Amino acid sequence: MRRITYLLLVTSALGSLYAAIPAFARNVDLSTVPKRDSVQLTIYNSEDLTLVRETRTVTFKKGANPLQFSWANTLIDPTSVELKFLTSADKLDVLDTTYPHDKPQMLYWNVQSEIDGEATIQITYFTSGITWTADYLLIADKDEKQFSFDGFVRVFNTSGEEYENAQVRLVVGTINLVEKIAQLAQMPMDKVPDLDAQVHARFREEALEGFSDMADRQDNSRGGKSDIREKQIVKEGLSEYFIYTIEGTETIQNGWSKRMRSLDATAVPFKIQYRYRPQEYGEQLVRMYLLTNNKESKLGTSPLPDGIVRVFRDNGRDGLSYLTQQSVKYIPIGDKIELNLGPIRR
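First things first, this report covers the structure right here in the doc. As the structure is a prediction and not an experimental result, all values here were calculated from the model.

1. Examining the overall build of the protein chain
- A tally of helices and strands in the protein chain yields three helices and 18 strands.
- The 346 residues of the protein chain split such that 46% are buried.
- Of the contacts formed within the protein chain by residues at least 6 apart in sequence, a portion of 71% connects residues at least 24 apart.
- Surface accessibility of the protein chain: about 18,200 Å² in total, with carbon and sulfur atoms responsible for 48%.

Shown next, in the form of structure tokens:
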């Protein structure tokens with residue numbers, strides 16, 4: 001069983017153990033740790049930044065209830081950790097947050113409860129170490145009139161934590177962060193107060209607000225219901241950003257990567273062009289495939305992220321001929337895609 005990084009402990013539910021909190025050993029296994037009910041990952045590809053939103057069901061007792069959260073051996077930014085009550089919010093209140101000096105990479109929320117019973121809490125935080133890339137597979141027919149155009153995304157997780165049955169959202173766009181999440185995650189807690197308060201607050205608020213708005217809009221558009229159809233990636237425009245939401249859930253294991261289909265287009269038209277441009281291609285005639293990211297090309301429902309394009313051609317003998325591989329930059333809706341097949345051989 002994997003090591004549990006996030007420990008949520010309702011010590012008031014353990015009677016006499018409540019008074020013994022400081023005496024807990026660092027590596028004690030706690031049978032009272034509630035499992036995640038859900039977890040969402042919203043991942044930018046332009047920055048090493050992921051917003052994690054997880055929910056858990058916790059049993060509270062009237063009075064003070066300490067909740068413990070640990071980010072040991074992960075790339076979580078501890079300054080971004082937020083606790084919110086999704087149910088019984090008017091009966092629960094965080095009195096204070098403490099960082100035990102003898103237990104680094106850990107915090108306690110002291111929750112005052114007016115109820116005896118269960119409530120759903122939401123924990124949000126930023127982490128680095130979760131990224132994604134895109135790649136594309138294009139296969140031209142033997143007459144070189146049309147393409148099949150398949151897109152894929154691959155998610156990489158080196159964050160130190162595993163996310164089981166996670167809802168995954170991938171954000172295409174460019175953002176500018178004042179600080180890198182990885183730097184914040186590795187910063188000692190006694191150095192956090194030295195940060196410019198206004199700069200850090202603005203960074204956290206803007207990023208959290210943007211991420212939360214994106215997630216809420218998508219949840220509302222689906223009516224909060226899960227979809228058991230074949231997995232696909234749904235596109236949604238948000239100002240200059242676009243979100244790919246992977247239907248259903250995926251387990252993103254630490255140290256692993258997972259590849260998922262993002263685009264499946266058939267009969268995509270393209271043109272062939274021959275170019276002689278010595279300053280660009282040297283003293284040679286090159287052959288190009290040209291297409292456009294628009295609806296007429298049966299594409300154009302979203303911008304295409306940076307990625308690797310691999311191009312093949314049906315050779316008419318139940319096989320494929322390899323033509324080229326090249327990197328492409330971010331392709332907005334309506335922009336051209338130019339694929340250089342190389343010089344004409346004489």
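2. Comments concerning a nonpolar patch on the surface
- On the surface, I272, Y274, Y276, L285 and I344 cluster together into a nonpolar patch covering about 460 Å² of accessible area.
- If one sorts the elements of the nonpolar patch by residue count, strand β14 (residues 271–276) sits on top with three residues.
- Looking at the element boundaries, Y276 is found in strand β14.

3. A short note on the sheet that holds strand β13 (residues 257–269)
- Strand order in the open sheet formed by five strands is β13-β9-β8-β16-β17, and the pairing between neighbours is mixed. Whereas interior strands pair on both sides, the edge strands pair on one side only; in this sheet they are β13 and β17 (320–328). The sheet shows a mean angle of 20° between the axes of neighbouring strands, direction not considered.
- Pairing of strand β8 (residues 130–140) with strand β9 (residues 146–157), which is carried by 11 bridges, proceeds in the antiparallel orientation. Bridged to T133 within β9 is R154.

4. What to know about the packing of aromatic side chains
- Under the counting rule described, the total for this entry stands at 10 aromatic pairs.
- Taking the centre distance of 6.4 Å and the plane angle of 70° together, the rings of W71 and Y99 count as edge-to-face. Residue W71 is located in the loop between β3 (63–70) and β4 (82–85), and its partner Y99 is located in the loop between β5 (92–98) and β6 (106–113); the two are separated by 28 residues in the primary sequence.
- The buried category is assigned to W71, whose relative accessible area is 3%.
- With a centroid separation of 5.9 Å and 65° between ring planes, the pair formed by Y136 and F149 is classed as edge-to-face. Residue Y136 is found in strand β8, and its partner F149 is found in strand β9; the two are separated by 13 residues along the sequence. Exposure class is identical for Y136 and F149. Each is buried.

The rules behind each value
Per chain, residues are indexed from 1 in the order of the written sequence. Given that the model is predicted, a residue must reach a pLDDT of at least 70 before its local features are reported, and side-chain atom pairs must reach 80 or more before they are shown or counted; all residues, however, enter totals for whole chains, interfaces and linings. Only heavy atoms go into the side-chain values, all of them from the structure, while hydrogens and water stay out. Where helices and strands are cited, they refer to DSSP runs of H or I of at least four residues and of E of at least two residues respectively, numbered from the N terminus. Only protein chains enter the accessibility calculation, which uses a 1.4 Å probe. A residue is then buried if its area is under 20% of the maximum for its type, exposed if over 50%, and partly exposed in between. Note on definitions: a residue-residue contact is assigned when non-hydrogen atoms from the two residues lie within 4.5 Å. The Shrake-Rupley method, run with a 1.4 Å probe sphere, supplies the accessible areas, and residue values consider only the shown protein chains as cover. Patch rule: a residue counts if its relative accessible area is over 30% and it has no salt bridge; like charges are joined within 9 Å, and nonpolar side chains (Val, Leu, Ile, Met, Phe, Trp, Tyr) within 5 Å. By definition, a salt bridge exists where a carboxyl oxygen of Asp or Glu is found within 4 Å of a side-chain nitrogen of Lys or Arg. Only strands joined by at least two bridges in the DSSP assignment are considered to pair. In this analysis, axes come from line fits to C-alpha atoms, helices being fitted only over the stretch in contact, and the angle between any two N-to-C directions falls in the range 0 to 180 degrees. Between 30 and 60 degrees the pair is tilted, below 30 it is stacked and above 60 it is edge-to-face, where a pair is any two Phe, Tyr or Trp rings, Trp via its six-membered ring, whose centres lie within 6.5 Å.

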